[in-house]
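Structural description and commentary
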Amino acid sequence: MQHQLFGGNERVGTASPFNEINAGPEINAEQQIVARLKSFTSAAYEWHSLLYNAASKRNISLPFLFSNRFQLVGDPLSDKFYHQHRQFFRFSDSCCNLKADPDESVFHYRNFKHELPTVWDSYGFHEADPQQAANDLLGHLMEGDKIAIVTRFSGESAQSYVEAFEARGLKVRVVDGQDGPADFCFLMSARKEVVGLTRSSYFMWASYLGNATRVIAYSMASSNKGLQWPKFTSSGLKGKYDFRVIQ
């Protein structure tokens, strides 16, 4: 992880002792990252101009932290700091247009094929087809159960999934036409369960920060080479994820 500190409008030079937070392949790499993050926040406090926060009636320092690699859910730090992450990345309800019903399952249809038509296959962005979604991923649902399909593209692109779910007697609605934050908020609002692709960091973070009791996170066998599922241990996270491989 790398960061740069800013003071006012002046960028701190690369000679700054606060230039990097990195950990190598050492056994204690995680401890090194934690120690360097603490060092970073202490240094940031000294280098940044303080801002007055009316709500807390205190002066606060706002460092800028940039990462050259997006942290994945399943990283040891995402397990260790689960509750701190949920507290830090609280999502405002003002971003929500709709929310999932408490008894509603939520299926995230990422649709990489539509977004990346020329490279989705070579990149391994394979997703469950309608029958696999209805029977392999959500085969436990009973006739009359409710499911919402969330897609960033038009509802027509999800019609084959709607038909597969309805053929099983499920009550289906499609949530589309929203912006990214609104879809993220909808996924986070699910209480019963959310289902989505592990290759989608968007889905994985929404499920990680969200309120669903159960997360069915799947990958396709065709793009699952060498993938190791994390073994979460923290309270609230342990037992939350049901990782599956679809043939």
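Right above here is the structure, for reference.
Please read all numbers here as calculations on a predicted model, not as lab measurements. Per-chain numbering applies: the sequence of each chain, read as written, is numbered from 1 onward. pLDDT decides what is reported in this predicted model: residues at 70 or higher carry local features, side-chain atom pairs at 80 or more are listed and counted, and totals for whole chains, interfaces and linings draw on all residues regardless. Side-chain measures were taken over the full set of non-hydrogen atoms in the model, leaving aside hydrogen atoms and water.

Concerning the environment of Gln131
Along the chain, the position of Gln131 falls in helix α5 (residues 130-137). The spacing of Gln131 and Tyr161 is 30 residues in sequence and 7.7 Å in space, taken between C-alpha atoms. Residue contacts follow a heavy-atom distance rule, with two residues in contact if any of their heavy atoms lie within 4.5 Å. Discounting residues that sit within four places of it in the chain, Gln131 has contacts with Asp136 and Ala164. Elements are defined by DSSP. Helices are runs of H or I of four residues or more, strands are runs of E of two residues or more, and each kind is numbered from the N terminus.

Focus: the sheet that holds strand β7 (residues 171-175)
The parallel open sheet is built from 6 strands, whose spatial order is β7-β6-β5-β8-β9-β10. With partners counted over all chains shown, the strands left at the sheet margins are β7 and β10 (241-246), one partner each. Put simply, the sheet's adjacent strands are angled 20° from each other on average, direction ignored. Angular values range over 0 to 180 degrees, each being the angle between N-to-C directions of two axes fitted as lines to C-alpha atoms, with helices fitted over their stretch in contact. Across the sheet, helix α8 (residues 201-209) touches β5 (104-108), β8 (193-197), β9 (214-220) and β10, and the angle it forms with β8 is around 160°. In this analysis, strands are considered paired if DSSP registers two or more bridges between them.

Examining the packing of aromatic side chains
Pairs were defined over the aromatic rings of Phe, Tyr and Trp, the Trp ring being its six-membered one, requiring ring centres within 6.5 Å. Orientation was assigned from the angle between planes: stacked under 30 degrees, edge-to-face over 60, tilted for the rest. This structure, assessed with the given rule, holds 12 aromatic pairs. Geometrically, the ring pair formed by Tyr82 and Tyr208 is edge-to-face, given 5.2 Å between the ring centres and 70° between the ring planes. With a gap of 126 residues between them, Tyr82 in helix α3 (residues 82-88) and Tyr208 in helix α8 connect regions that are remote in the sequence. In terms of burial, Tyr82 and Tyr208 fall into one category: buried. Their ring planes at 45° and their centres at 4.5 Å tell us that Tyr109 and Tyr161 sit as a pair that is tilted. A residue pair is termed long-range when its members are at least 10 positions apart, and Tyr109 in the loop between β5 and α4 (112-115) and Tyr161 in helix α6 (residues 159-167) qualify at 52 residues. Across the pair, exposure class does not vary: Tyr109 and Tyr161 are buried alike. Note on classification: 1.4 Å probe, protein chains only; a residue is buried when its accessible area is under 20% of the maximum for its type, exposed when over 50%, partly exposed between these limits.

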